[in-house]
Amino acid sequence: MRLSQVVRPGSGQFICDRGALALLDEKLSLFKAPVIVTGVKSYEAFLKYYPGNLTLPVFRYDGTASNEDMARLAAQMPAETDCILGIGGGAALDTAKGTAEVLGVEVVTVPTVLGTCAGYTPLSAVYHPDKTFKSVQYYERPVHLCLMDLDLLVEAPKQYLMGGIGDTLAKWYEARGITEHVENDLPVMAEVGLQTAKVTQEVLLKDTKVAIESQERKEVTPAFKRVAEVIVAVAGTVGGFAGEYGRMAGAHAVHNGMSLVEETRAFEHGVKVAYGVLVQLVATNKMDDVATLLPFYQENGFPHKLSDFNVTQALDSKIQQVAEFAASDQESFNLALPGVTTEQVVAAMKYLENV
């Protein structure tokens with residue numbers, strides 16, 4: 001059996017509410033020797049809203065989400081460690097999950113930003129130490145608990161919410177892009193995953209504007225909570241239910257190619273994925289979807305062309321560089337456009353430069 005066919009619904013427990021960090025001590029009481037993996041700013045944000053009494057060893061990740069850093073952290077932790085509490089954004093949580101996998105222990109996640117579904121999923125997006133993309137690695141254990149405190153999350157910088165919205169928006173377009181090429185009936189769990197992906201798209205098209213305004217006012221609203229749950233938990237179930245039919249496709253392939261272009265590295269993962277959605281849609285001639293999404297991007301401040309990512313020098317050669325990577329055999333664009341060529345991706349990216 002291929003790993004992609006395993007159904008992985010998400011974390012063992014999911015809590016998303018205002019003041020949810022008040023439950024953390026109780027939830028960690030199951031473990032004898034938990035430790036924390038976090039970053040500097042993430043931990044400061046956490047402490048602002050954590051009302052409990054635990055004093056745990058704190059280990060700082062190096063920002064790379066690399067196998068090398070996971071191995072470094074695992075080697076430093078006490079032998080009795082039985083749970084890792086990951087606190088932070090996607091890279092910190094992916095590092096915590098990967099380190100827990102190295103040690104064979106449980107992991108609890110506390111997202112401090114709404115950038116990705118990393119707090120919910122049993123996998124990590126792993127990078128090389130130079131921060132170029134390496135691979136997605138899947139784990140045997142699910143996340144034990146994903147605990148989201150909306151009071152903490154609404155205080156986070158807006159760009160992380162933008163990234164989470166962009167990454168989550170891709171769920172529907174990539175899953176549909178994969179499944180429309182399937183000749184036989186989809187497995188029933190894949191159908192569930194596809195319908196879940198559609199929910200993410202519908203909620204985001206409806207609630208994004210109000211959710212962003214809520215974050216700007218630092219106010220927890222029903223729209224903000226819906227978008228938060230969609231970004232982390234609902235999106236996290238798409239690939240888990242759908243397996244190989246709900247994985248990354250053209251949008252993430254473009255993102256991965258963009259990791260080679262230094263100017264784009266300052267932008268959130270999901271903001272780059274959102275651009276990749278448009279590239280995939282143009283390349284697959286889904287122009288009605290492009291017509292729907294372009295006003296949505298413009299209204300909500302999402303870049304829609306490579307030059308929007310501060311790429312002002314050698315634009316054509318960098319489009320070529322991104323396209324070659326995205327269309328390569330080891331990447332996932334071919335799942336949405338079988339037999340995709342570099343020329344097709346280049347043409348799509350150049351089209352977007354001129355709209």
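Now for a description of the structure that goes with this document. (Residues numbered from 1 in each chain as written. Predicted model: local features only at pLDDT ≥ 70, side-chain atom pairs only at ≥ 80, totals over all residues. Heavy atoms only, no water.)

1. So, the packing of aromatic side chains
Part 1 of the reasoning: Inspection of every chain in the model, using the stated rule, returns eight aromatic pairs.
Part 2 of the reasoning: A ring pair is formed by Tyr 43 and Phe 46, whose centres lie 5.9 Å apart and whose planes are at 15°; its orientation type is stacked. Taken together, the positions of Tyr 43 and Phe 46, both in helix H2 (residues 40-49) and three residues apart, correspond to about one turn of that helix. Neither Tyr 43 nor Phe 46 differs from the other in exposure class; each is buried.
Part 3 of the reasoning: A connected cluster of aromatic rings, assembled from ring pairs, spans Tyr 43, Phe 46 and Tyr 50. (Phe/Tyr/Trp six-rings, centres within 6.5 Å; stacked < 30°, edge-to-face > 60°. Helix = DSSP H or I, 4+ residues; strand = E, 2+ residues; numbered from the N terminus. Buried < 20%, exposed > 50% of the residue type's maximum accessible area, 1.4 Å probe, protein only.)

2. Considering the sheet that holds strand S5 (residues 106-111)
Note: strands within a sheet are paired through backbone hydrogen bonds, in either parallel or antiparallel orientation.
Part 1 of the reasoning: One open sheet holds the six strands; their spatial order is S1-S8-S5-S4-S2-S3, and the pairing between them is parallel. Looking along the sheet, the strands with just one partner apiece sit at the ends: strand S1 (14-17) and strand S3 (58-60). On average, each strand axis in the sheet is inclined to that of its neighbour by 20°, with strand direction left out of account.
Part 2 of the reasoning: In this sheet, strand S8 (residues 145-149) lies alongside S5 in parallel orientation, the contact comprising two bridges. Bridge pairing links Val 108 to Leu 145 in S8. (Pairing = 2+ DSSP bridges. Axes fitted to C-alpha atoms, helices over the stretch in contact; angles between N-to-C directions.)

3. So, the pattern of salt bridges
Part 1 of the reasoning: Under the counting rule described, the total for this entry stands at 13 salt bridges.
Part 2 of the reasoning: With a closest N to O distance of 2.7 Å, Arg 72 and Asp 69 form a salt bridge. Of the two residues, Arg 72 and Asp 69 are both situated in helix H3 (residues 67-76); the distance of three residues between them amounts to about one turn of the helix.
Part 3 of the reasoning: The partner of Lys 206 in a salt bridge is Asp 207, and the shortest N-O contact between them spans 3.1 Å.
Part 4 of the reasoning: When its relative accessible area of 57% is taken as the criterion, Lys 206 is described as exposed.
Part 5 of the reasoning: Shared partners join several salt bridges into a network, and the residues in it are Lys 206, Asp 207 and Arg 226. (Salt bridge = Lys/Arg side-chain N within 4 Å of Asp/Glu carboxyl O.)

4. Quick notes on a nonpolar patch on the surface
Part 1 of the reasoning: A cluster of nonpolar side chains, Val 7, Val 188, Met 189 and Val 192, forms an exposed patch at the surface whose accessible area comes to about 300 Å².
Part 2 of the reasoning: Examined against the element boundaries, Val 7 turns out to sit in the segment before S1. (Patch = residues over 30% accessible without salt bridge, like charges linked within 9 Å, V, L, I, M, F, W, Y side chains within 5 Å. Areas by Shrake-Rupley, 256 points an atom, 1.4 Å probe, with all protein chains shown as cover.)

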